[in-house]
Amino acid sequence: MIDHSSDALVTLMTIRDYIRWGATRFNKANIFFGHGAASALDEAAALLLHTLQLPFDLSPVYLDSVLTHEERQAVSVLFDRRINERKPVAYLTNQVQFAGLPFYVDERVLVPRSPIAELINEHFSPWLEADNVSRVLDLCTGSACIAIACAYAFPEAKVDAVDLSGDALAVAAINLKKHDAADQVTLYHSDLFDALPPDKYDLIVSNPPYVSTAEWEGLPAEFHAEPDMGFLGGESGLDLVLRILARAHDFMTAEGILVVEVGSSAETLQTLYPDVPFYWLDFEHGGDGVFLLTAEQVRQFTPLFQQALK
């Protein structure tokens, strides 16, 4: 039920009032927070600041600023949409922060939220020497947030970004233009490695679809607002992950690393390959289900990975 609450629009006055009111409405509506914001307060603040065209790091001194009647109406409408449409905030604002950088997003791509952002900000240290990274490959690039963030982290490197979705690549192109990254990042319309030239990469990174069919069906409505192609990894969740593991070595330099997010399918993968020394990365700012393998480890177990595809 839409709640424009004419009384609220009269009695609530300040930025602080509307953030509190929005958070209360979101909590009552039991919306799901899993796309970058951790709480109802965070989501209410994000929508309000977007509506008022104010920065996310707004000084608290402005919280008691009074909204105009038109601003109150606009904020209320956006709160209504968040409740009634169950769309992530990023789709309502068409913007998101990833690895400290701004990106355009819409319903053609998943909302960026991978913990891989933390690895990028750390230049994948200690596994890589930043000055020695000349080629990076981002598989299943979506909005190209990982690829572009890697371009910032490794300014001398060439970055290739791959996706099978033409819609996703259209969004990726928007972000390449936004970050003036077209000279450094090349987009490929490809089914994983299929359309790539036979190059070798110091870093292959991927956040592929890894959700099992059964898990996907039980996810909250906000996830179903995103393209299912970005989630569905088959019955086990590992269809694309296994294909990446089976071919990655052919595209890796001798000292290269492979970093893949498998999220909730991590236990399934480790159980499937108990002898593979997946290094499961820890994150200071939350997140899990990301493994790292060296080129030598990938080479050693490639026959095992290829056997699974047969």
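In what follows, the structure referred to is the one given above.
Residues numbered from 1 in each chain as written. Predicted model: local features only at pLDDT ≥ 70, side-chain atom pairs only at ≥ 80, totals over all residues. Heavy atoms only, no water.

Student: Mind showing me how you'd approach the packing of aromatic side chains here?
Tutor: The way to describe two aromatic rings as a pair is by their centre distance and the angle between their planes. Tallying each qualifying case throughout the model produces 14 aromatic pairs. With 5.4 Å between their ring centres and 80° between their planes, Phe26 and Phe79 make a pair best called edge-to-face. In this pair, Phe26 sits in helix H2 (residues 15–29) while Phe79 sits in helix H4 (residues 69–85), placing the two residues 53 residues apart along the sequence. Note on Phe26: relative accessible area 0%, which makes it buried. Residue class for Phe79 comes out buried when judged on its relative accessible area of 0%. With a centroid separation of 4.6 Å and an interplanar angle of 20°, the aromatic rings of Phe193 and Phe251 are classed as stacked. Remark: Phe251 occurs in the loop between helix H11 (239–247) and strand E7 (252–261) and Phe193 occurs in the loop between strand E5 (185–189) and strand E6 (201–206); sequence separation between them is 58 residues. Here Phe193 matches Phe251 in class, with each residue buried. An aromatic cluster of at least three residues, connected via ring pairs, comprises Tyr18, Trp21, Phe26 and Phe79. Just above the ring of Trp21 sits the side chain of Arg25; from NZ or CZ to the centre is 5.1 Å. (Phe/Tyr/Trp six-rings, centres within 6.5 Å; stacked < 30°, edge-to-face > 60°. Helix = DSSP H or I, 4+ residues; strand = E, 2+ residues; numbered from the N terminus. Buried < 20%, exposed > 50% of the residue type's maximum accessible area, 1.4 Å probe, protein only. Lys NZ or Arg CZ within 6 Å of the ring centre and 35° of its normal.)

Student: Explain the nonpolar core here, please?
Tutor: As a rule of thumb, nonpolar side chains are buried together in soluble globular proteins. Phe98, Ile120, Phe124, Phe154, Leu203 and Val259 are the most contacted members of the largest nonpolar core, which has 45 residues in total. Take this core: its biggest share by element is eight residues, from helix H7 (residues 145–153). Dropping the residues within four chain positions of it, Leu203 is found in contact with Phe124, Leu128, Arg135, Val136, Leu137, Cys150, Phe154, Ile257 and Val259. Val162, Leu238, Leu242 and Val276 belong to the second largest nonpolar core, which has 33 residues in total. (Core = buried A, V, L, I, M, F, W, Y, C linked by side-chain atoms within 4.5 Å. Contact = heavy atoms within 4.5 Å.)

Student: Help me understand the sheet that holds E7 in this model?
Tutor: Across the sheet, seven strands lie side by side as E5-E4-E3-E6-E7-E9-E8; this open sheet has mixed pairing. A strand with exactly one partner marks an edge of an open sheet, and here the two such strands are E5 and strand E8 (279–280). In terms of strand pairing, E7 meets strand E9 (residues 290–294) through five bridges, oriented antiparallel. Directly across from Val259, in E9, lies its bridge partner Leu292. Contacts from helix H13 (residues 295–309) reach E7 and E9 within the one sheet, and its direction differs from that of E9 by about 85°. (Pairing = 2+ DSSP bridges. Axes fitted to C-alpha atoms, helices over the stretch in contact; angles between N-to-C directions.)

Student: Help me understand the pattern of salt bridges, please; the structure alone is not making it clear to me.
Tutor: A pair can form between side chains of opposite charge whenever their charged atoms are brought close. A full pass over the atoms with the stated rule returns 15 salt bridges. Here Glu85 makes a salt bridge to Lys87, at a shortest N to O gap of 3.7 Å. Across the salt bridge formed by Arg299 and Glu296, the nearest N and O atoms sit 2.4 Å from each other. One end of the pair is Arg299 and the other is Glu296, both in helix H13 and three residues apart, which spans about a single turn. Overall, Arg299 belongs to the partly exposed group, its relative accessible area being 40%. Judged by its relative accessible area of 41%, Glu296 falls in the partly exposed class. Salt bridges linked by common partners bring Glu43, Arg82, Arg86 and Glu222 together as one network. (Salt bridge = Lys/Arg side-chain N within 4 Å of Asp/Glu carboxyl O.)

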